[in-house]
Amino acid sequence: MRGQKMPMLVLFSQAGCSYCEKARVHYIGPMASRPPWQDRALYRQIDLDSDDALIGFDGTAQSHRSFAKAVGVFVTPTVMVFGPDGTALAEPIVGVTLPDFYGQYLEQAIEVAREKLVAH
């Protein structure tokens, strides 16, 4: 992420969240697999209701649940874009409001993050 000045887009989801599924299947999944967006960010998912382990930006082990809590996410779906050090680089996108514009909100968040990474 550092070398390529690439942000990480994270979808915060939970089991049974139909809006999370909509965000993943109709927007984020296609972005992650198609040019030019597949090369503009890393795409990951954090499950608020999971105790599965992950390695945080600071290199420490934690659970999906504890990571979400640490960054202040309690509502799903929420999308955040992070830099290599774990700093949020764009405003969180909460919910799937205005489906006609949701893809544009995601693209804009990635571009804002990329501009901030290039500037530093």
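Residues numbered from 1 in each chain as written. Predicted model: local features only at pLDDT ≥ 70, side-chain atom pairs only at ≥ 80, totals over all residues. Heavy atoms only, no water.

A. Molecular detail of the nonpolar core. Within the largest apolar cluster, 21 residues are counted, with the highest numbers of intra-cluster contacts made by L9, I28, Y43, V79, Y102, L106 and I110. Within the residue set of this core, elements represented by two or more residues are β1 (8–13), α1 (18–33), β5 (78–82) and α3 (99–119). For this core, the element with the highest residue contribution is α3, accounting for six residues. The residues contacting I28, other than those within four sequence positions of it, are L9, L11, A23, Y43, V79 and L106. Judged by nonpolar contacts, the second largest core, of 11 residues, contains L54, A68, M80 and F82. (Core = buried A, V, L, I, M, F, W, Y, C linked by side-chain atoms within 4.5 Å. Buried < 20%, exposed > 50% of the residue type's maximum accessible area, 1.4 Å probe, protein only. Helix = DSSP H or I, 4+ residues; strand = E, 2+ residues; numbered from the N terminus. Contact = heavy atoms within 4.5 Å.)

B. Structural detail: the pattern of salt bridges. In this structure the tally under the stated criterion is three salt bridges. Ionic pairing is found between R24 and E21, a salt bridge with its closest N-O pair at 2.6 Å. You can see R24 and its partner E21 sitting in helix α1, three residues apart, about one turn around the helix. In this structure E21 comes out as partly exposed when scored by relative accessible area, which is 41%. The shortest N-O distance in the salt bridge between R65 and D51 comes to 2.9 Å. Of the two residues, R65 is situated in helix α2 (residues 64–70) and D51 in the loop between β2 (42–47) and β3 (53–55); the sequence distance between them amounts to 14 residues. Looking at R65, the relative accessible area reads 38%, which means it is partly exposed. (Salt bridge = Lys/Arg side-chain N within 4 Å of Asp/Glu carboxyl O.)

C. Summary view of a nonpolar patch on the surface. A cluster of nonpolar side chains, namely F74, V75 and V94, defines an oily patch on the protein surface of about 300 Å² accessible area. Among the structural elements, V75 can be located in the loop between α2 and β5. (Patch = residues over 30% accessible without salt bridge, like charges linked within 9 Å, V, L, I, M, F, W, Y side chains within 5 Å. Areas by Shrake-Rupley, 256 points an atom, 1.4 Å probe, with all protein chains shown as cover.)

D. Seen up close, the environment of R114. Following the sequence through the fold, R114 ends up in helix α3. Residue R114 is classed as partly exposed on the basis of its relative accessible area, which comes to 24%. Along the chain, R114 and Q62 lie 52 residues apart, while their C-alpha atoms are 27 Å from each other. Filtering out sequence-adjacent residues up to four positions away, R114 remains in contact with K5, P7, D39 and R40.

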